[in-house]
Structures are given as structure tokens and as C-alpha cells.
Amino acid sequence: MKKILFSTLLVSLLAGCAGQDVKDQPKAAVEDRTATQAGADTKPAGQQTVAANPLKDPNNILSKRSVYYDFDKSDVKDEYKPMVEAHAKYLTGNKAAKVAVQGNCDERGSREYNIALGNRRADSVRKVMNVMGASDSQIEVISFGEEKPRTTCHDESCWKENRRSDIVYQGE
Amino acid sequence: MILRKLLIGAAWLLLAPFAHAALTIEIVGSGANQIPISVVPFAGESALPQGITAVIAADLQRSGLFKIVDAAGVKPEPHELAEVNYPDWRTRGADALAIGSVLSRPDGKLEVRFRLLDAVKQAQLDAYSYVIDRTLVRATAHKIADLIYEKLTGDVGVFSTRIAYIVKSGPRYELQVADADGYGAQTVLASKEPIISPSWSPDGTKLAYVSFERKKPIIYVQSLVSGQRQVLAQFKGNNSAPAWSPDGKQLAIVLTKEGSSQIYLINADGSGVKRVSYSSGIDTEPSFSPDGTSIIFTSDRGGSPQIYRMSVSGSGAQRLTFEGNYNVSPHFSPDGKSFTFIQRVSGSSFHVALQDLASGQMQLLTDTRMDESPSFAPNGKMLLYATEIGGRGILAAVSSDGRVKQRLSTQAGDVREPEWGPLLKNQ
């Protein structure tokens, strides 16, 4: 079993921002806090400079990483498909690249059932990537269930933010 | 309705350097028929750093099945059979009486003598004597409470058992084990990443749990004796929801290595993984029947999460719950005749439910609103679960008839994911 170490910087967009002006979101508090990095860090060999890295370029759709879901739903809504497909294309063109798709849920209900629900959400992202030719060997689907909420208030304003899958590249 | 608050545990903070907070137990409600009993302070008890009879009385009272009759003012306090004046105790309303003594022996050990008396029939029901190490005073008090409970109710006492749960304080997660009364909490694992789903091995010596310390859910098994642990399952995807088989040789676990969440069996040493459930939906939260022949679990194969039962080989899955559109987290009762689970009653209201397997009859047991993770005490009389009061995670317990309710909370942090441990063989 390979160990995939993910780092802290998770560049993503706020809910509802898809298709609008791209803006950086602060480092997601739910991610690993042990490592610190500010854009430039260890990269897989052969990658280009930070400025030219499409995964980090805020003007590139590949810098978008999050898919949001309706309550108790796990289908990838149309508005997120271009972004997911762009990542799939990147994977097919960069066979050494690997991603984890991390599923998340809001806090309501059973923790274990939410692990399963988060998995289903992330798995729906994998399936969209598969259709575009990305190989399962490049994708690991995992779930944080309700354990790593990005926002912690107890109403829909937070819950919708936490019903989410994140695409995280190995080495990030 | 009795509302009684027992503040306990100031002392053990000094004894357990890794634990942060005592559990406070609050009892709400009482049994239909309470047995009035007086627990007379034992001779020589006042010389001990901690009492015995106060622990016995608190145990009995917490069960909701006993009413403690005050022994204050009885002169002289009886410690031996010959000193008991039964009519006195009948006047005070006591049907039963516990008396005894504690002697310091020359070898440094303690001798604890105890008698249980029937004040109505004016007869001795039981008598025991223990020679114990001084560190075992509380454990002995729990043993005596178990004996009293068993003799007077006919059911096995669970005062000597332990519970496991997770405490989250800020960014820190701790897997803790404590006595059933909340004393002696010890941290068996601390992590900056979430820990969920602790599950006791049937012999009470090990815990299986799910830790996110490697950035995804992986199942570990940890010895409570040596503190050593090993990875049980770290397959591609998620590894979660461990549940021990009654013989302790296998666990049912949930893996996603073939896509959706499905139930597998795995040997306790991590070998021989074998898929047992086959659905296109989610199958999770397995719980073995006490005879080891079947597994109940949560599945959404019918469109909403419901409780199903299948044979341990995975055949003959049958849906068990039909009321409501969200039924999750099943646990078998120790006698195998019923199961507990969580039912969502309205949008955001989750309650502990109990269903009889033969009749299919279902009962909601709690009036708390955010209930999770119910499990039975090993005598089947109480259920331990997690809930939320004032935005904080606490543990609560409810009797299987719904009448007796307890809340266990810490001074700080969220407490969650409890599981009541087994009866230990050497007791």
C-alpha cells in the first residue's frame, strides 16, 4: 500500500464561484497543518516553474479543485463537469501525476454512513474522470466523511460548504 | 423525576496525567420499581483515602433501579450480623441492607468483608470477603455493587465494566478508556487527526478503531495491555467500521477497494480478507449477532439508509427497518433478540431506537436530538450513546425501557463515539 502524503495548500474556490471571477481562497483549515508552504515547494521532477504550473495558476481551470453537492446527493452537477474533465485531461497527459479525490459530508447523521457517502461523492468525480480517459491507477478515492469540515457552524450556510469533494495532487 | 448530579473524579486527575477531564454523571429519571436499600458505611472505611460504600451506593443509584435509604443517625452503625436491628431498618423503609468492614492487614493489604441482608425476611442473602491490594478499593466497590445488583434484580451487574470513547479538544483527538462510572479515564491514543469507531474485542483486551493519521481512514487494532498496535486494514480507498466477531477471531470491516462501501471479513491478524456483501449501494456499520451467525448493517440499496440482516457468509439479506427514511448505526443486543439503531425523525432530529427482531416492534428511547453511535451494556439493560447538549458533544445512557436516563460530560471538549466494553471473564 503506497502512502500518499498530501500537503497543506488546497487552492479552491468558494461555493458558487464556478464560472465567475477566479479568486484565491485562503488555505483550507481542514487540511494538514503540519507542513507549511506558500506555493513553491517540492514538485515532481520535470515540472516547470511555479508560475507556469497550470495546477497553481489561478487563471487556469486546473486551479479549481472542489465539487459541491446537494443534501444527500452525490452526483457531479453540470457546472463542475468542465473542471473535473480538465483534471482528467491533465492526468491523461501526465501519466506520472496522481490525485486523491477526497469526499466530505456535512455533520448530520452517522459518522460511518457519512464516510460511505463521502466516498460515493468522491467516486462520482472519479467516474467522470474515467470517462475522459483518466486511469484508476492515477486516482485514489478516499473519504473524510464529516470528520474534516471546512466550516463548523451548524446550519446550511456551513453544511453546503462541507458537502464537497476536493481534488488533491500527490506532492501538493 | 429525580435530578441528581454526582460530581466525581477530582482525585483521579492526579492519577491519570494523560487524561484531561473527569466525566460528570447526571441521572435523569428512574426505574418503575426501585428497591430501597441502605448501604451502611463499613467499619474502618474512614481510614481509607477513598471510600467504598459511597461508590457502591452511587453505582446502584445510577442504574435507576435502587433507592438509597439514608443510614445517617443509626447508632451504633451495624457492621456485623449481630449488630443489626431489623425493625429499625424497616422503619426507615429499607428492604435490603449492605454492611461490612475494612481491615488493614500486617502485609499491607486490605481485607474487605461484606454482607447483603434482606430486611423484610430478616435473613442474610450473601456474604463475601476479599483480600485486596490498596489500589483496588474502587474495583472492589464495583464488584460488591455488581453482587448486590445481581442478587436483587436477577440480572448481571455491569459496574465493573469499562467504556471507550473519543474526546476532541481543539485540534486534539484522544481515544480514551474509562470505568463505566467515568472514573479512571486513560488516553490510549492521541492524534491531531480524527479517530472514530472504537470497537472492543470480546475479551476486553483490545480496541479496533479508525484513525485518519495517514490522511485517510485506516483500521488499527491496539492492545490495552501492552499499548502496542498494528494496522488491521489499509487497502486502497477507505478502511472503516470495524466490528469484532463474538469469538474474537475475525472482524467485519468496510472497504471501498472495489468501488462502493462494502462489508468484508478479515482475520484479527489482518490476513484473509474476504468480501461478504454485494450491493451496488452503500453497505456499512456491520454488527455481529451474539451467536456469530449473522450480521446486521446499514445499507441504502433500497434508496434510503435502512437496517438489513444477512448471514455471516453474506447470503439472505433482509430489510429490518421500514419506518422513516434514515435508519443507521445498528448494534445487536447481548441476547440477540433485539437491536438498537439511530432513526432520523425529522430533518435534523436523530434518536436512539430499539427494535425487537421477532415482532419487528420499534420504540424510540430518547428525547435528546442529535443522537449517534448507540451500544448496549453487556447485560442489555442500558444503552450508551453520543448526543449534543448546548452545542457540545456528550455521552448519554438510557435504559432499554427508556425510563432511566444519564448524561456523562467532560468539563471541556466534545465527547463522542462511545462503545460499552464487555464483561471481563475474571470477574
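Asks: Just checking my understanding: could you explain the overall build of chain A for this structure?
Replies: A count of helical and extended segments in chain A gives three helices and four strands. Walking chain A from its N terminus toward its C terminus, one meets helices and strands in the order β-α-β-α-β-α-β. Looking at chain A alone, contacts between residues at least 24 apart form 72% of all its contacts between residues at least 6 apart.

Asks: Can you walk me through the overall build of chain B in this structure?
Replies: The number of helices and strands found in chain B is four helices and 31 strands. The buried share among the 427 residues of chain B stands at 55%. The long-range share in chain B, meaning contacts at least 24 apart out of those at least 6 apart in sequence, stands at 42%. Element-wise, carbon and sulfur atoms account for 50% of the exposed surface of chain B, whose accessible area totals about 17300 Å².

Asks: Looking at this model, I keep getting lost on the packing of aromatic side chains. Mind explaining?
Replies: Any aromatic ring pair is given by two values, namely how distant the centres are and how the planes are angled relative to each other. Applying the stated rule across the entire model yields 11 aromatic pairs over all chains. Here the aromatic rings of Tyr326 of chain B and Phe350 of chain B are separated by 5.6 Å at their centres, their planes lie at 75°, and the arrangement is edge-to-face. Note that Tyr326 of chain B is positioned in the loop between β22 (318-319) and β23 (327-332) and Phe350 of chain B in strand β25 (residues 349-356), a separation of 24 residues in sequence. For the pair formed by Tyr326 of chain B and Phe350 of chain B, the shared burial category is buried. A connected cluster of aromatic rings, assembled from ring pairs, spans Tyr113 of chain A together with Tyr326 and Phe350 of chain B. Taking NZ or CZ as reference, Arg92 of chain B lies 5.9 Å from the ring centre of Trp89 of chain B, over its face. The cationic tip of Arg301 of chain B hangs over the ring face of Tyr308 of chain B; the distance from NZ or CZ to the ring centre is 5.1 Å.

Asks: Which parts of the structure should I look at to understand the sheet that holds strand β4 (residues 164-169) of chain A?
Replies: Picture the strands of a sheet paired through backbone hydrogen bonds; they go either parallel or antiparallel. All names here are of chain A. If you walk across this open sheet you meet the four strands as β1-β4-β2-β3, and the pairing is mixed. Strand pairing shows two members of the sheet lacking a second neighbour, β1 (66-68) and β3 (139-145), which therefore form its edges. For this sheet, the mean angle separating the axes of adjacent strands, direction not counted, is 20°. Relative to β4, β1 runs antiparallel, the two being bridged by three bridges.

Asks: Any chance you could explain the interface of chain B and chain A here in plain terms?
Replies: Frequently, the measure chosen for interface size is the accessible area removed from exposure when the parts meet. With 39 residues of chain B at the interface, the matching set in chain A holds 31 residues. Summing both sides of the interface, chain B and chain A together bury roughly 2900 Å²; the carbon and sulfur share of this comes to 54%. Interface area lost by chain B to chain A is led by Lys215, Lys236 and Ile282 of chain B, which between them contribute 21%. Where chain B packs against chain A, one counts five salt bridges.

Asks: What's the story with the sheet that holds strand β13 (residues 218-223) of chain B in this structure? I'm lost.
Replies: Residues and elements named next belong to chain B. Ordered by their spatial adjacency, four strands build an open sheet running β11-β12-β13-β14, and the pairing between neighbours is antiparallel. Bordering the open sheet on either side are β11 (195-200) and β14 (229-233), each of which pairs with just one other strand. Adjacent strand axes in the sheet meet at a mean angle of 25°, parallel and antiparallel pairs treated alike. With six bridges joining them, strand β12 (residues 206-211) and β13 adopt antiparallel strand pairing. In the sheet register, Ala208 faces β13, and the bridge partner there is Val221.

Asks: Got a minute to help me understand the pairing of strand β5 (residues 96-104) of chain B in this structure?
Replies: Along any regular strand, the residues point their side chains to alternate faces of the sheet. Residues and elements named next belong to chain B. Extensive coverage of β5 is indicated by the burial of seven of its nine residues. Relative to β5, strand β3 (residues 35-39) runs parallel, the two sharing three bridges. What sits directly across from Ile37, in β5, is Ala96. As judged from the nine bridges shared by β5 and strand β6 (residues 110-118), these two strands associate in the antiparallel manner. Paired with Ala98 across the bridge in β6 is Leu116.

Asks: How should I be thinking about the side chain of Ser199 of chain B in this particular structure?
Replies: Tracing the sequence through the fold places Ser199 of chain B in strand β11. Setting aside residues no more than four positions away along its own chain, Ser199 of chain B makes contact with Lys206, Leu207, Ala208, Pro242, Ala243, Trp244 and Glu419 of chain B.

Asks: Even after reading the chapter, I still don't get the state of the cysteines, so can you show me in this structure?
Replies: Cysteine pairs can be covalently joined through their sulfur atoms, and such a bond is termed a disulfide. All names here are of chain A. Considering all chains together, one arrives at one disulfide over all chains under this definition. Bridging Cys153 to Cys158, the disulfide has an S-S length of 2.0 Å. The sign of the S-S torsion, about 120°, decides the handedness of the disulfide formed by Cys153 and Cys158: right-handed. By relative accessible area, which is 28% here, Cys153 ends up partly exposed. Overall, the relative accessible area of 9% leaves Cys158 in the buried class.

Asks: Even after reading the chapter, I still don't get empty space enclosed by the protein, so can you show me in this structure?
Replies: Where empty space is left can be seen by rolling a probe of water-molecule size over the atoms. A full pass over the atoms with the stated rule returns five cavities of 30 Å³ or more. In this structure, the second largest cavity encloses a volume near 100 Å³. Together, Phe71, Asp72, Cys105, Asp106, Arg108, Gly109, Asn114, Leu117 and Arg121 of chain A together with Tyr326, Arg344 and Phe350 of chain B line the second largest cavity. When residues of the lining of the second largest cavity are assigned to their parent elements, the largest contribution, three residues, is made by helix α2 (residues 111-131) of chain A. Here the lining of the second largest cavity is built from residues that sort into five nonpolar, two polar and five charged.

Asks: For this particular structure, what's the right way to read the packing of helix α1 (residues 81-93) of chain A against α2 of chain A?
Replies: Packed helix pairs are characterised by how far apart their axes lie and by the angle those axes make with each other. Residues and elements named next belong to chain A. α2 packs onto α1 with a crossing angle of 60° between their chain directions and a minimal axis gap of 8 Å. In this view, α1 runs oblique relative to α2, as classed from their interaxial angle. Pair α1 / α2 crosses with right-handed handedness. Where α1 approaches α2, its residues Val84, Glu85, His87, Ala88 and Leu91 are matched on the opposing element by Val125, Val128 and Met129.

Asks: Hey, could you run me through the packing of helix α2 (residues 53-62) of chain B against helix α4 (residues 137-153) of chain B in this one?
Replies: All names here are of chain B. Put simply, α2 and α4 touch, their axes get as near as 8 Å, and they point 45° apart. Between α2 and α4, the angle falls in the class oblique. Viewed along their axes, α2 and α4 form a crossing whose handedness is right-handed. Here Val55, Ile56, Asp59 and Leu60 of α2 lie close against α4, whose contacting residues are Arg138, Ala141, His142, Ile144, Ala145, Ile148 and Tyr149.

Asks: How should I be thinking about the nonpolar core in this particular structure?
Replies: Generally speaking, nonpolar side chains in soluble globular proteins are found buried as a group. Core analysis: the largest hydrophobic core is formed by 27 residues, its most contacted members being Ile52, Ile56, Leu60 and Ile148 of chain B. Of all the secondary-structure elements, those providing two or more residues to this core are β3, α2, β5, β6, β7 (123-132) and α4 of chain B. Element by element, the count of residues in this core is highest for α4 of chain B, at seven residues. Not counting residues within four places of it along the chain, the set of residues in contact with Ile52 of chain B comprises Phe42, Glu45, Val102, Val112, Val137 and Ala141 of chain B. The next biggest cluster of nonpolar side chains, apart from the first, holds 25 residues, and it includes Leu55, Tyr90, Val101 and Ala134 of chain A.

What counts and how
- Residues numbered from 1 in each chain as written.
- Chains lettered and ligands numbered in written order.
- Predicted model: local features only at pLDDT ≥ 70, side-chain atom pairs only at ≥ 80, totals over all residues.
- Heavy atoms only, no water.
- Helix = DSSP H or I, 4+ residues; strand = E, 2+ residues; numbered from the N terminus.
- Contact = heavy atoms within 4.5 Å.
- Buried < 20%, exposed > 50% of the residue type's maximum accessible area, 1.4 Å probe, protein only.
- Areas by Shrake-Rupley, 256 points an atom, 1.4 Å probe, with all protein chains shown as cover.
- Phe/Tyr/Trp six-rings, centres within 6.5 Å; stacked < 30°, edge-to-face > 60°.
- Lys NZ or Arg CZ within 6 Å of the ring centre and 35° of its normal.
- Pairing = 2+ DSSP bridges.
- Axes fitted to C-alpha atoms, helices over the stretch in contact; angles between N-to-C directions.
- Buried area = accessible area lost by both parts, 1.4 Å probe.
- Salt bridge = Lys/Arg side-chain N within 4 Å of Asp/Glu carboxyl O.
- Disulfide = S-S within 2.5 Å.
- 1 Å grid on protein atoms, 1.4 Å probe; cavity = no way out; pocket = protein on both sides within 12 Å on 5 of 7 lines; lining within 4 Å.
- Points joined across faces, edges and corners; volume = space filled by probe spheres on them.
- Nonpolar A, V, L, I, M, F, W, Y, C, P; charged D, E, K, R; others polar.
- Parallel < 35°, antiparallel > 145°, perpendicular 65-115°, else oblique.
- Left-handed = near helix turned anticlockwise from the far one by under 90°.
- Core = buried A, V, L, I, M, F, W, Y, C linked by side-chain atoms within 4.5 Å.

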